[in-house]
Amino acid sequence: MLALVVAALNIGLWWWSNRPHGPEDWHGPVSGYALSAFQRYQSPLKGDFPTDEQLDGDLKLLRHYTHNIRTYSMLQNPQIPRLAERDGLKVLSGAWIDTRLENNEQEIDALIAQARRYPGTINRVLVGNEVLFRNDVSPDQLMAYLDRVRAALRQPVSTAEPDYIWEKYPELAQHVDFITVHLFPYWNGIPRKDAIGAVLGSYNHLRQLFPNKPIVIGEIGWPSNGDRHEYADPSVSNEAIFLRQWFNVAKRDHIDYYVMEAFDQPWKEQLSGRTEAYWGMFNADRQLKFPLTGPVTEDTSWPWKALAASLLALWPMIWFALRFERFKLTGRLFFCVLIQFCAGILVWSATLPFQFYLSWVDWTMLLLLFPAQIAIIAILLINGFEFTEVLWRRKWMREAHMLRPDPPEKQPFVSIHLACYNEPPEMVQVTLDSLAALDYANFEVLVIDNNTKDPAVWGPVKAYCEKLGERFRFFHLEPWPGFKAGALNFGLKETNQRADVIAVIDADYVVRTDWLATLTGYFHDPKVAVVQCPQAHRDFQKNRFRRMTAWEFDGFFRIGMHHRNERNAIIQHGTMTMVRRAALEGTGGWSEWTICEDAELGLRLMHAGYELVYVDELMGKGLTPADFKAYKSQRYRWAFGAMQILKGRWDWMVKKGPLTPGQRFHFLTGWFSWFADALLLIFTLMALYWTAGMIAFPYLFSLPMQLFLIPVIGFFFAKMIFGIVLYRARVPCGWYDTIMASVASMGLSHAIARGILHGLTRKKTAFVVTAKKRRMGGSSFAAFAPVREEMLMAVALILCIVGMAHAYGTRYIEGTLWMFILGAQSVPYLSAMAGAWIAHRSGDE
């Protein structure tokens, strides 16, 4: 029922967006058509002209709708008067006048010759089309051409210009027999509902200026597709309504006019932009775009598209609604709507290009960008699933809590491993003090210092361990391979034989006294291999930078870890984690081929069939990264390591095996949001290139179609809404901290993107330890040193926005949407700059 209701709503939405319009019916002939007879794939720019058979077919089609046509050049299609005479059509013949003076002479000679040869067919002539508008020749030169043709012919002679040109050069009227004016309310940015009134206003004003001259509207029309121009929106229904209203008004007022134009001319897009291709009353395949009587539907094929979208979404909706019956009804309805929406976007994106006359270049770009749209939809669905489960679950199915402590004789022996490299001794000593205070009988602590060069750094830690007693053992390794994993593998060999559990914490953590006592009981279940607590932080409340990063970290452990835990698919972290020793050693220890050895171990243990337990209790707190450089470096390392795992364990994730479908889902899609950051970087670089092209070479680089813009903008808002709503629902912080955590998160986008791309293309990278102690010194300008690349990207995007505003303004909806996208793309880079500045200004408390 849910699936059918949503599918019906989808069909209703398609109907509503394509509901019929009811303009006045038109009966009778059209006054005339402006005729460019190039077929769909022909172009004068390529020297490819219609044949006699093609021209004759067009004229035979048009004679069912009109008795008059208008042409523009005598040299391009000189056979038109002959064919028009045979088909009984009258021709307003035009000579093309431009800056080529020799060609002008040939056009005029041909016009005179043809007008004399076909006096019954060519009933009037035009010398030039918008010549003064383009400033191709001077007014005096044009008037000389007109006088020459008038002297040679008996037919009435004119030239065609916009209305303001006739006002600017009123003397031009003395050299013509009638006024020919072009009236385009669309190009004046007038909304369609006001267009007829605007046309009549301009027409009557010319009549007042030239009361003794007949006035012919040489071009009038409305485009069916293309770019919105100010308040004028091109569409099939707007073209139909405008023309049908105009036909009736012109008949009432006895106005002579030629519709611009008979057939769509795709080749014109190369000259003046996308809209120029769509002025025909017939499309380029010679099909009438709309009926002349009855209601008009914008997209006549909408029922098939609506049905395709509904069928595409139906089975996924049914499966989801059955599979997740444990969700509240609101949640299942929400996600079914999201599935249907994504299916509709797919159908719309796949079919919309066929409404345009696209070149092979356009189709190539579509084929390249369509997979990106698929990726956007996939990320939206994945985030939407998390959103739905977190907000509308009835309860967590795998929720774990602290246990009653075992008596000492039943406590498993725990070996706590603390790996450190070049850490401040006083910081490590605080951690050791918290471990010494544990309320637990059976444990040891191994401190493994690997590759710290300065004895003044590791020496005090060694001495402190000796002071704390025999439970604490210190090892200094130099040189030692394998980074943190290498140190932990060494510790594994030195572990007390009695140890059943290996616990790992970072060198900056302070643990609760009941950490081990309340959690080791889970290991009585032989299926449990890992007990994981959240990464949490301390000493951040009075430091703005540490505070924003602390709450940013908290989001994943309050939201994402619970979501993954439902399918036993948590990310194991290298601190506040406990591992069954037998499982760790039995699956090969810590992996030294990846810099995210903790996450890889968790996946490996799942593959071996073990359970991982997540207890959302703050059993220990560490320090946040000291500055923005350290913050970026840590997230880069995580992203790079994630790609190492993805490549190294690809077969586990895509092939049926020990991993459950839910585990494969999370380890394949859990990093999709990071892939979105990589896509953002690639898309931003492409956008910078394309924007520069649109500004510098507008005839080569056109505004992107709404096909690409609308899904991207929708994805941006959906991600923003999902994130904020989940934070407010799950993370115990106020609006200020929510916003600042969002700034911190967005500021990492570039670092994550680099980590993803490098991880996919490189095998190894350096393991950089996250600095927890503030680095001293540095000027205000030096604050931005860690974000040089982000600053460069932000400046480039802002310059592109300024350039677009100067070149296009808000005349085109696509241009405005594009500037919005450029602004949205700049947010992560501006956030990085803000984060770096806050980190620089925040004193270490």
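All values reported here derive from a predicted model rather than from experimental measurement.

Quick notes on the rules
Residues numbered from 1 in each chain as written. Predicted model: local features only at pLDDT ≥ 70, side-chain atom pairs only at ≥ 80, totals over all residues. Heavy atoms only, no water. Axes fitted to C-alpha atoms, helices over the stretch in contact; angles between N-to-C directions. Helix = DSSP H or I, 4+ residues; strand = E, 2+ residues; numbered from the N terminus. Left-handed = near helix turned anticlockwise from the far one by under 90°. Contact = heavy atoms within 4.5 Å. Nonpolar A, V, L, I, M, F, W, Y, C, P; charged D, E, K, R; others polar. Pairing = 2+ DSSP bridges. Core = buried A, V, L, I, M, F, W, Y, C linked by side-chain atoms within 4.5 Å. Buried < 20%, exposed > 50% of the residue type's maximum accessible area, 1.4 Å probe, protein only. Expected span 1.5 Å × (residues − 1). Bend = angle between axes of the 7 residues up to and from the residue. Polar contact = N/O pair within 3.5 Å; in protein donor to acceptor, adjacent residues only side chain to side chain. Salt bridge = Lys/Arg side-chain N within 4 Å of Asp/Glu carboxyl O. Disulfide = S-S within 2.5 Å. Patch = residues over 30% accessible without salt bridge, like charges linked within 9 Å, V, L, I, M, F, W, Y side chains within 5 Å. Areas by Shrake-Rupley, 256 points an atom, 1.4 Å probe, with all protein chains shown as cover. Parallel < 35°, antiparallel > 145°, perpendicular 65-115°, else oblique. Arc of directions from axis to C-beta. Right-handed = clockwise from strand over helix to strand, strands pointing away.

Draft legend 1. The arrangement of the packing of helix α23 (residues 672-696) against helix α27 (residues 788-807) in detail. At a closest axis distance of 10 Å, the pairing of α23 and α27 adopts a crossing angle of 35°. Where α23 crosses over α27, the two elements pack in a sense that is left-handed. Contact with α23, carried on its side by L681, T684, L685, L688, T691, M694 and I695, involves M793, A796, L797, C800, G803 and M804 of α27 and no other residues of that element. Residues that form the contact of α23 with α27 fall into these classes: 10 nonpolar, three polar and no charged.

Draft legend 2. Highlighting the sheet that holds strand β16 (residues 611-614). Pairing within the open sheet is mixed, and its seven strands lie in the order β11-β10-β9-β12-β15-β14-β16. Looking along the sheet, the strands with just one partner apiece sit at the ends: β11 (472-477) and β16. Put simply, the sheet's adjacent strands are angled 20° from each other on average, direction ignored. Judged from the three bridges that link them, strand β14 (residues 528-532) and strand β15 (residues 577-580) form a sheet pairing that is antiparallel. Looking across to β15, one finds that V530 is bridged to V579. Each of β9 (414-420), β10 (443-450) and β11 is contacted by helix α14 (residues 425-436), which is oriented at about 175° to β9, the strand it contacts most. The sheet contacts of helix α17 (residues 544-565) involve β14 and β16, and relative to β16 the element is tilted by about 150°.

Draft legend 3. Region of interest: the nonpolar core. Core analysis: the largest hydrophobic core is formed by 82 residues, its most contacted members being L605, F628, F667, W671 and M804. With 11 residues, helix α28 (residues 813-841) is the single largest residue contributor to this core. Beyond its immediate stretch of four places on either side in the chain, F628 contacts F545, G747, V787, A832, G835, A836 and A839. Core analysis: the second largest hydrophobic core is formed by 81 residues, A84, I122, A232 and A240 among them.

Draft legend 4. Structural context of helix α11 (residues 302-323). The end-to-end C-alpha distance of α11, which contains 22 residues, comes to 31 Å, matching closely the 32 Å that a straight helix rising 1.5 Å per residue would cover. Where α11 bends most, at L314, the angle is about 35°, and the proline P316 comes one to four residues later. For α11, the full list of buried residues reads W302, K305, A306, A309, S310, A313, L314, M317, F320 and A321.

Draft legend 5. Representation of the environment of I695. Within the secondary structure layout, I695 lies in helix α23. Residues I695 and A807 lie 112 residues apart in sequence; the distance between their C-alpha atoms is 6.3 Å. Those residues in contact with I695 that lie beyond four places of it in its chain are C800, G803 and M804.

Draft legend 6. View of the side chain of T520. Among the structural elements, T520 can be located in the loop between β13 (510-511) and β14. Overall, the relative accessible area of 1% leaves T520 in the buried class. Within the local environment of T520, its side chain forms a polar contact with the side chain of Y440, the two groups lying 3.3 Å apart. Ignoring any residue separated from it by four or fewer positions in sequence, one finds T520 in contact with P412, V414, Y440 and M578.

Draft legend 7. Representation of the pattern of salt bridges within the structure. Evaluation of the coordinates by the stated rule reveals 39 salt bridges. Linking D25 and R244 is a salt bridge whose minimum nitrogen-to-oxygen distance equals 3.0 Å. Pair noted here: D25 is in the loop between α1 (2-17) and β1 (33-34) and R244 is in helix α9 (residues 236-253), with a separation of 219 residues, a long-range link. Between R635 and E552 there is a salt bridge; the shortest N-O distance is 2.9 Å. Here R635 is found in helix α20 (residues 628-648), whereas its partner E552 is found in helix α17, with 83 residues between them in sequence. Summarising the burial analysis for this pair, R635 and E552 share the class buried. It is possible to trace a salt-bridge network through shared partners that takes in D56, K60, R63, R86 and D87.

Draft legend 8. Geometry of the environment of K395. Assignment of secondary structure puts K395 in the loop between α13 (360-392) and β9. Between the C-alpha atoms of K395 and T275, which are 120 residues apart in sequence, the distance is 54 Å. Not counting residues up to four positions away in its chain, the partners in contact with K395 are R326 and E566.

Draft legend 9. Quick peek at the state of the cysteines. The full count for this structure, using the stated rule, is zero disulfides. Take C533: it sits in no disulfide, and the sulfur closest to it among the cysteines is that of C596, at 20 Å. With relative accessibility at 0%, the residue C533 sits in the buried group.

Draft legend 10. Representation of a nonpolar patch on the surface within the structure. Taken together, the side chains of F717, M720, I721, V725 and F820 make up a nonpolar region of the molecular surface, amounting to roughly 390 Å² of accessible area. By residue number, the principal contributor to the nonpolar patch is helix α24 (residues 706-730), which donates four residues. Structurally, V725 is set in helix α24. Of the residues examined, V725 reaches a relative accessible area of 33% and is grouped as partly exposed.

Draft legend 11. Structural context of the packing of α23 against α28. Viewed as axis vectors pointing N to C, α23 and α28 meet at an angle of 135°, and their least axial separation amounts to 11 Å. The pairing of α23 with α28 is recorded here as oblique in orientation. Crossing handedness for the pair α23 and α28: left-handed. Of α28, the residues touching α23 (which contributes L680, L681, F683, T684, A687, T691 and M694) are W818, I821, L822, Q825, P828 and Y829. Partitioned by chemical class, the residues of the contact of α23 with α28 number 10 nonpolar, three polar and no charged.

Draft legend 12. Summary view of the environment of G670. Along the chain, the position of G670 falls in the loop between α22 (661-669) and α23. On the basis of relative accessibility, which here comes to 37%, the residue G670 falls in the partly exposed class. On a C-alpha basis, the gap between G670 and R564 in space is 8.6 Å, while along the polypeptide they are 106 residues apart. Excluding residues that lie within four positions of it along the chain, G670 makes contacts with R564 and F665.

Draft legend 13. Molecular detail of helix α6 (residues 139-152). Here α6 contains 14 residues, and its C-alpha end-to-end distance of 20 Å stays within 8% of the 20 Å for a straight helix at 1.5 Å per residue. Along α6, the residues classified as buried are L142, M143, Y145, L146 and V149. Along the axis of α6, the buried residues cluster in a sector spanning 155°; they form a single face. Facing away from the buried side of α6 by more than 90 degrees, the exposed set consists of D140 and A151. Check the buried side of α6 and you find it contacts α4 (101-117), β4 (122-129), α5 (131-134) and β5 (157-162).

Draft legend 14. Focus on the pairing of β4. The buried fraction of β4 amounts to seven of the eight residues, a majority that puts the element mostly inside the structure. Pairing of strand β3 (residues 90-95) with β4, which is carried by five bridges, proceeds in the parallel orientation. Within β4, the residue paired with V91 across the bridge is I122. The β-α-β motif built from β3, the intervening α4 and the parallel element β4 has right-handed crossover chirality. Across three bridges, β4 lies against β5 in parallel orientation. For V125, the partnering residue across the bridge sits in β5 and is V157.

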